[in-house]
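In case you want the letters, here they are:
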Amino acid sequence: MASPRNEGFLTQDQREKLRIAVQNAETLSLASPRSPTGGSTSALLQQYEQQRAAAAAAAARGGGGGGGGGGVRHVRRSHSGKTIKVKKDGAGGKGTWGKLIDTDTDACLDRNDPNYDSDEEPYELVEAPVSTPVEDYKKSVAPIIEEYFSTGDVKLAASDLKELGYDDFHRYFVKKLVSMAMDRHDKEKEMASVLLSSLYGDVISSTQIRLGFVMLLEAVDDLAVDILDAVDVLALFIARAVVDDILPPAFLSREKASLSESSKGMQVVQIAEKSYLSAPHHAELLERRWGGSTRTTVDAVKLRITDLFKEYIKNGDTAEACRCIRELAVPFFHHEVVKRALTLGMESPTAEALIVKLLKEASEELLISSSQMMKGFSRVVDSLDDLSLDIPSAKSQFQTLVSKAVSEGWLDSSFVHVGANGDVQDDEHEKLRRYKKEAVSMIHEYFLSDDVPEIIRSLKELGSPEYNPVFIKKLITIAMDRKNREKEMASILLSSLSMELFSTEDIVKGFIMLLESAEDTALDILDASDELGLFLARAVIDDVLAPLNLDEISGKLPPNCSGAETLNMARSLATARHAGERLLRCWGGGTGWVVEDTKDKIAKLLEEYESGGDVGEACNCIRELHMPFFNHEVVKKALVMAMEKKNDRILGLLQECFGEGIITINQMTKGFSRVRDGLDDLALDIPDAREKFLSYVEHAKKSGWLLPSFGVATSA
């Protein structure tokens, strides 16, 4: 009921209507279907009556009856009794179903409306970027590297990297590891090098290591923006990788061929090669450059090697022993492994078979390089006298081990160790060691000075002609790992030595030694086989070797030797059409001149001599060509010019050159041979060419320029 205060404003008629309305409302409420006693009034009637009663009550409260029933259209009562406003046309608000047949096609939400609810926004499909496997890999390796720098746990890093399962993407790990370490302290740099060395082979392949460093060289320009000393630091990383045997030395020469001269990548390679890898004792210096914070001492490594062999002798597990050697992560110190293994084999005859098996397996898996194997054997030779005090049969046992190693192919056959009486020739070994050291020093000096007469003089003073094949092997091996300039210089020196000092037998033996060790050389010089084939073919073109010498070399090579393939390639190169010109240009002609330029210079100096007659100046010009292997061209052009100009004075120049040793008898004979072979063509322009040539041959033989075997018969 209305309060008495409100009733004071109603007329009598209004009070009556209110009373009736209240009574009707109470009646309808009792008859509602919700009530347990409710009647059977239809739903529409109930709704109508409820609306009328509500309208009357509203009119009574509002003080006016003009509103009729229209005032309740926008009011709705919830189940809780709370009155809420709804939209026009019964569309409803939050928590309602909306008006009939409401499709919301024209609905527009206002985000500035105080009643705005973000849940009412329609759903939108957002296209999320799809990451590639490479991007996923790159994101995954950064935490692995950070954790490794924190813990130093190599095994955990290796395990995490294996679990990623992307072996072909490990180049990105190499790049990320090195680039992160470059911007940190020496401790992290050392840790990065140690990790790469530990992961090499087992987790990361050599190809992925190489590609990772290639990417670093390509990115060093960008790295230098944030890391001021990026060029020097990356050069150190590369040099360290070479010392640790995870990058071959040939990596540097190959990258130089592909990098721009002005790029920082080229600077990196040059610094690594000249400043770090060319220094004396560079391996030890590079190992200590970053403090070796994660490296163990030499004594600790020796102790681990001893423990390794004790365990191996007990269980005989070769694979486990190889794994332990690899985990030492000291490839430059593997000679100590070889030395201790051989010593143990001599001390315990029952362990000898196991030792031989392990060393053979380590060699075949390329775990211990040929040079480290040789160094290990050499160290045993140096200590044999002391070993003999404790092991009386040490020398004979060592001889047996060496013979077995050479026969099974895991020790280079060039190793000099045993005399005819079975005793080790200590003096002979020491003499060979000194010779090799002197030879390497002379070769390096020659590559700097380009002084052929000086190196010939030094070899004569050394007085060890029995080691001439060893010098040839050293010369070509060193040149193969250098630029084309040094390769050309090596061929020039070989040609000069063949004329002045070395016999054909020496050269044949030298190439046999090179071919026998080709597989080991290829471990350090990737394209060693191709380079050696070029040296052999060039030797044939330069008349250092005859084609028949290649057959002789082939007959002396071991069966199934990889050098046989190199020899076949050399034959093909030497017998190809225009082989002479191509092979003379294969390394740029020493001083960089092409053959055509050299021929032009020869023609000009001969013309100047023919007009001026200054023999000394002409000889000096020939000497300054620095191409003694090409002096047969001087002889050929001189003879042709003498025929054309009918000026025999030119023969005086040849006499002077031979007398001073500028043109050797071999080059002189080769020049006469080339003229003889072209006489038919010359006769078209010079009718008396044949008669002139025969007279020149007779004069040359009398003067001793030509070999007595030179034939004078010409083609008809």
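Residues numbered from 1 in each chain as written. Predicted model: local features only at pLDDT ≥ 70, side-chain atom pairs only at ≥ 80, totals over all residues. Heavy atoms only, no water.

Colleague: What exactly am I supposed to notice about the overall build of the protein here?
Modeller: Each helix and strand in the protein was counted, giving 36 helices and two strands. Taken across its 716 residues, the protein has 41% of its residues classed as buried. Expressed as a percentage of contacts within the protein between residues at least 6 apart in sequence, the contacts between residues at least 24 apart total 71%. Approximately 38500 Å² of the protein is accessible, and the part contributed by carbon and sulfur atoms is 51%. (Helix = DSSP H or I, 4+ residues; strand = E, 2+ residues; numbered from the N terminus. Buried < 20%, exposed > 50% of the residue type's maximum accessible area, 1.4 Å probe, protein only. Contact = heavy atoms within 4.5 Å. Areas by Shrake-Rupley, 256 points an atom, 1.4 Å probe, with all protein chains shown as cover.)

Colleague: Please clarify how the nonpolar core should be interpreted in this entry.
Modeller: The tendency in soluble globular proteins is for nonpolar side chains to be buried as a group. Counting residues in each nonpolar core, the largest one holds 93 residues, and the members touching the most others are Phe 471, Phe 511, Ile 553 and Phe 672. For Phe 511, the residues in contact, after removing those within four places along its chain, are Ile 476, Leu 494, Leu 532, Phe 535, Leu 536, Ala 539, Leu 545 and Ile 553. Counting residues in each nonpolar core, the second largest holds 59 residues, with Ala 157, Leu 161, Tyr 276 and Leu 286 among its members. (Core = buried A, V, L, I, M, F, W, Y, C linked by side-chain atoms within 4.5 Å.)

Colleague: Which parts of the structure should I look at to understand the side chain of Ser 193?
Modeller: Looking at the element boundaries, Ser 193 is found in helix α7 (residues 186-199). What Ser 193 contacts, discounting residues up to four positions off in sequence, is Phe 237, Arg 240, Asp 244 and Trp 290.

Colleague: Could you clarify how one ought to interpret a negative patch on the surface in this entry?
Modeller: Negative charge collects at one region of the surface, where Asp 183, Asp 221, Asp 222, Asp 226, Asp 229 and Asp 232 lie side by side. No other element matches the three residues that helix α8 (residues 206-226) contributes to the negative patch. With respect to the helices and strands, the residue Asp 232 is situated in helix α9 (residues 230-243). In this structure Asp 232 comes out as partly exposed when scored by relative accessible area, which is 30%. (Patch = residues over 30% accessible without salt bridge, like charges linked within 9 Å, V, L, I, M, F, W, Y side chains within 5 Å. Salt bridge = Lys/Arg side-chain N within 4 Å of Asp/Glu carboxyl O. Lys, Arg positive; Asp, Glu negative; His and termini not counted. Charge placed at Lys NZ, Arg CZ, Asp CG, Glu CD.)

Colleague: Any chance you could explain the pattern of salt bridges here in plain terms?
Modeller: Two side chains that carry opposite charge are able to pair once their charged atoms sit near each other. Summed over the entire model, instances satisfying the criterion amount to 24 salt bridges. The partner of Arg 623 in a salt bridge is Glu 660, and the shortest N-O contact between them spans 2.9 Å. Of this pair, Arg 623 sits in helix α31 (residues 615-624) while Glu 660 sits in the loop between α33 (650-659) and α34 (665-677), and the two are 37 residues apart along the sequence. Each of Glu 190, Arg 240 and Asp 244 takes part in one network of salt bridges that share partners.

Colleague: Explain the side chain of Thr 664 to me, please; I cannot follow it from the model alone.
Modeller: Mapped onto the elements of the fold, Thr 664 is located in the loop between α33 and α34. Once residues lying within four places of it in the same chain are set aside, the contact partners of Thr 664 are Met 499, Glu 500 and Phe 658.

Colleague: Explanation requested: the packing of aromatic side chains in the structure shown.
Modeller: How two aromatic rings sit relative to each other is set out by the distance from centre to centre and by the angle between their planes. Scanning the entire structure with this criterion turns up 12 aromatic pairs. Aromatic pair Phe 169 and Tyr 172: ring centres 6.3 Å apart, planes at 70°, arrangement edge-to-face. On the numbers, 6.1 Å between centres and 80° between planes, the contact of Phe 471 with Phe 502 is edge-to-face. One end of the pair, Phe 471, is in helix α22 (residues 468-480); the other, Phe 502, is in the loop between α23 (484-500) and α24 (504-516), and 31 residues separate them in sequence. Residue class for Phe 471 comes out buried when judged on its relative accessible area of 0%. The rings of Tyr 137, Tyr 166, Phe 169 and Tyr 172 are connected pair by pair, giving a single aromatic cluster. Residue placement shows Arg 649 over the ring face of Tyr 609; its charged tip is 5.8 Å from the ring centre. (Phe/Tyr/Trp six-rings, centres within 6.5 Å; stacked < 30°, edge-to-face > 60°. Lys NZ or Arg CZ within 6 Å of the ring centre and 35° of its normal.)

Colleague: Would you mind showing me how to read the environment of Leu 497 here?
Modeller: Assignment of secondary structure puts Leu 497 in helix α23. Since its relative accessible area comes to 0%, Leu 497 is described here as buried. The spacing of Leu 497 and Asn 468 is 29 residues in sequence and 9.9 Å in space, taken between C-alpha atoms. Dropping the residues within four chain positions of it, Leu 497 is found in contact with Ile 456, Leu 459, Phe 471 and Phe 502.

Colleague: Help me out: how do you make sense of unusual backbone geometry in this one?
Modeller: Peptide bonds are, in most cases, trans, and in most cases residues other than glycine have a negative phi. A positive phi angle, near 60°, is found at Leu 366, a position not held by glycine. Relative to the elements of secondary structure, Leu 366 occurs in the loop between α16 (352-364) and α17 (370-382). The exposed category is assigned to Leu 366, whose relative accessible area is 54%.

Colleague: Would you take a moment to explain the environment of Glu 365 for this structure?
Modeller: Tracing the backbone shows Glu 365 in the loop between α16 and α17. Since its relative accessible area comes to 38%, Glu 365 is described here as partly exposed. Distance from Glu 365 to Cys 322, taken between C-alpha atoms, is 9.0 Å for residues 43 residues apart in sequence. Apart from the residues within four sequence positions on either side, Glu 365 is in contact with Cys 322 and Arg 326.

Colleague: Looking at this structure, how should I read empty space enclosed by the protein?
Modeller: Rolled over the atoms, a probe as big as a water molecule pinpoints where empty space is left. Counted under the stated rule, the structure contains two cavities of 30 Å³ or more. The calculated volume of the second largest cavity comes to roughly 40 Å³. Around the second largest cavity sit Met 480, Leu 514, Ala 518, Thr 521, Ala 528, Ser 529 and Leu 532, which together line it. Contributing elements (two or more residues each) for the lining of the second largest cavity: α25 (518-524) and α26 (528-541). In terms of residue count, the dominant contributor to the lining of the second largest cavity is α26 (three residues). Classifying every residue of the lining of the second largest cavity gives five nonpolar, two polar and no charged. (1 Å grid on protein atoms, 1.4 Å probe; cavity = no way out; pocket = protein on both sides within 12 Å on 5 of 7 lines; lining within 4 Å. Points joined across faces, edges and corners; volume = space filled by probe spheres on them. Nonpolar A, V, L, I, M, F, W, Y, C, P; charged D, E, K, R; others polar.)

Colleague: Looking at this structure, how should I read the environment of Asp 153?
Modeller: Relative to the elements of secondary structure, Asp 153 occurs in the loop between α4 (133-151) and α5 (154-164). The spacing of Asp 153 and Leu 195 is 42 residues in sequence and 9.2 Å in space, taken between C-alpha atoms.

Colleague: Honestly, α7 in this entry has me stumped. Any pointers?
Modeller: Each turn of an α-helix holds 3.6 residues, which means side chains three or four residues apart point in the same direction. An ideal rise of 1.5 Å per residue puts 20 Å on 14 residues; α7 measures up with 20 Å between its terminal C-alpha atoms. For α7, a buried count of 11 out of 14 residues is recorded, marking the element as mostly surrounded by other parts of the structure. In the segment just after α7, Gly 201 is the residue with positive phi, at about 90°. (Expected span 1.5 Å × (residues − 1).)

Colleague: Would you take a moment to explain α4 for this structure?
Modeller: With 19 residues, α4 extends 27 Å from end C-alpha to end C-alpha; this agrees with the ideal 27 Å at 1.5 Å per step. Among the residues making up α4, those that are buried are Tyr 137, Val 141, Ile 144, Ile 145, Tyr 148 and Phe 149. Viewed along the axis of α4, the buried residues span an arc of 130°, placing them on a single side of the element. Opposite the buried face of α4, at more than 90 degrees from it, the exposed residues are Lys 139 and Ser 150. Considering only its buried residues, α4 is in contact with α5, α6 (170-182) and α7. Within two residues after α4, Gly 152 carries a phi angle of roughly 70°, on the positive side. (Arc of directions from axis to C-beta.)

Colleague: Which parts of the structure should I look at to understand the confidence of the model for the protein?
Modeller: A low pLDDT score tells you not to read the predicted coordinates there in detail. When pLDDT is averaged across the protein, the result is 77; 76% of the residues are at 70 or more. Averaged pLDDT values over the elements of the protein bottom out at 47 in helix α1 (residues 4-7) and peak at 92 in α6. Under a pLDDT of 50 for its full length, residues 63-83 has, in the predicted model, 21 contacts with residues more than four places off or in other chains. Ignoring residues within four places in sequence, the model shows residues 590-594, a span with pLDDT below 50, making 11 contacts including any to other chains. (pLDDT = per-residue confidence, 0-100.)

Colleague: Explanation requested: the packing of α26 against helix α28 (residues 563-575) in the structure shown.
Modeller: Helix packing for two helices is described by the angle between their axes and how far apart those axes are. Here α26 crosses α28 at 45°, and the two axes come no closer than 8 Å. In terms of orientation, α26 and α28 fall into the oblique class. In the crossing of α26 with α28, the sense of the turn from one axis to the other is right-handed. Along the contact surface, α26 presents Ser 529, Asp 530, Leu 532, Gly 533, Leu 534, Leu 536, Ala 537, Val 540 and Ile 541, while α28 presents Thr 566, Leu 567, Met 569, Ala 570, Leu 573 and Ala 574. Split by residue class, the contact of α26 with α28 holds 11 nonpolar, three polar and one charged. (Axes fitted to C-alpha atoms, helices over the stretch in contact; angles between N-to-C directions. Parallel < 35°, antiparallel > 145°, perpendicular 65-115°, else oblique. Left-handed = near helix turned anticlockwise from the far one by under 90°.)

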